Amino acid sequence: MQTVAFIHQKGGTGKTTLAIATAVALASQGARVLLLDADVQGTASEWASHWGERFRVVARSQIQPIVHDQVARFAPMFEWMVVDGPPTLSDMTTSILRGADRVFVPVRPSFPDIWALEGLAALCTTLRTTGANLAMRVLWNQVVEWPTSAMRAAVESKGFTISPAVIRWEAVWSNVMEGRSLPTSAIDCLMQLMKEPWE
């Protein structure tokens, strides 16, 4: 089972929408997908209660910070686990970082989103000193105007690698929250993101 997570300590960056859309895209390709809702707000779980069966996405709520332990539990049943992380830094964040094969940090091209990466950068530094092998990339999301070179430099100065993929702002992303299907272009975008080669 492959595990991909979307985290950011700042709310409003689009992590839940991306997690749900990614689960939908993977399921549309025939994969057995678990959407693990590790955000106490429960938006992903609520979405699944309305639309999960339609899109063949199974969802579970995860309140305790044991995501890294759940990987082995769910591996026999699913091919993918997509984790929607909380908009905080907590033991849950640490558990997600330890358990995920890939972590995307959605960031809008705005300095408040970039400034909010500071705490996550510090947490990653601490975890790496304990031997944790973290696979993480910042993902430009909800892009209307292209990120400036100063924004890119600010992200990289915090030790983050930036994904070459860019998620443009389009109504299709919010439409998925209303139970609408993703168009082929959105599915292709997310599938390319999942297949993005990482060193």
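Fair warning: this is a prediction, and the values are worked out from it, not measured in the lab.

Conventions and cut-offs
- Every chain is numbered on its own, with residues counted from 1 as its sequence reads.
- Per-residue local features are limited, in this predicted model, to residues with pLDDT of at least 70; the limit for side-chain atom pairs, both in listing and counting, is 80 or more; totals at the level of whole chains, interfaces and linings are taken over all residues.
- The basis for every side-chain value is the complete set of heavy atoms in the structure, and neither hydrogens nor water enter the calculation.
- A run of H or I in DSSP counts as a helix once it spans at least four residues, and a run of E counts as a strand once it spans at least two, with each numbered from the N terminus.
- Both definitions apply: the radius of gyration is a C-alpha atom measure, and the globule rule equals 2.2 Å times residues to the power 0.38.
- Type-normalised accessible area, obtained with a 1.4 Å probe on protein chains alone, sets the label of each residue: buried when under 20%, exposed when over 50%, and partly exposed for intermediate values.
- By the counting scheme adopted, Arg and Lys are positive, Glu and Asp are negative, and His together with the chain ends is not counted.
- Charge placement uses NZ in Lys and CZ in Arg. For Asp and Glu, CG and CD serve respectively.
- Any two strands are treated as partners once DSSP identifies two or more bridges connecting them.
- Crossover handedness is defined here as right-handed if the route from the first strand over the helix to the second strand goes clockwise, with the strands pointing away from the viewer.
- Each axis is a line fitted through C-alpha atoms, taken for helices only over the stretch in contact, and angles between the N-to-C directions span 0 to 180 degrees.
- Each angle gets one of four labels, with under 35 degrees taken as roughly parallel, over 145 as roughly antiparallel, 65 to 115 as roughly perpendicular, and the rest as oblique.
- The contact rule is simple, with two residues in contact once any of their heavy atoms fall within 4.5 Å.
- Polar here means any residue outside two lists: the nonpolar Ala, Val, Leu, Ile, Met, Phe, Trp, Tyr, Cys and Pro, and the charged Asp, Glu, Lys and Arg; Gly therefore counts as polar.

Now for the overall build of the chain. When helices and strands are tallied, the chain shows 9 helices and 7 strands. What you see for the chain is a C-alpha radius of gyration of 16 Å, in line with the 16 Å of a compact globule of 199 residues. Judged by the C-alpha coordinates and their principal axes, the chain covers about 40 × 40 × 30 Å. In the chain, which comprises 199 residues, the share counted as buried stands at 52%. In the chain, which carries 17 positive and 18 negative side-chain charges, the distance between the mean positions of the two groups comes to 2 Å.

A few words now on the pairing of strand 1 (residues 2-6). Burial of strand 1 is extensive: 4 of the 5 residues sit out of reach of the surface. Sheet analysis places strand 1 next to strand 4 (residues 80-84), joined by 5 bridges and oriented parallel. Along strand 4, the bridge assignment pairs A5 with V83. As judged from the 3 bridges shared by strand 1 and strand 5 (residues 102-107), these two strands associate in the parallel manner.

On to unusual backbone geometry, then. Backbone geometry at R56 places phi at a positive 60 degrees, although glycine is not the residue there. Mapping R56 onto the fold places it in the loop between helix 2 (43-55) and strand 3 (57-61). The phi dihedral of Q142 falls on the positive side, at around 55 degrees, and the residue is not glycine. Considering the arrangement of structural elements, one finds Q142 in strand 6 (residues 136-143).

In this section: the pairing of strand 2 (residues 33-37). Along strand 2, 5 of the 5 residues are buried, which leaves the element largely enclosed by surrounding structure. Here 5 bridges tie strand 2 to strand 3, and the two strands are oriented parallel to one another. If you follow D37 over to strand 3, its bridge partner there is S61. The parallel pair strand 2 and strand 3, bridged by helix 2, forms a crossover whose chirality is right-handed.

Relative to each other, helix 1 (residues 15-28) and helix 9 (residues 184-195) sit at 95 degrees, their axes nearing to 9 Å. As judged from the angle between their axes, helix 1 and helix 9 are roughly perpendicular. Listed contacts from helix 9 to L18, A21, T22, A25, L26 and S28 of helix 1 are I187, L190, M191 and M194. Residues that form the contact of helix 1 with helix 9 fall into these classes: 8 nonpolar, 2 polar and no charged.

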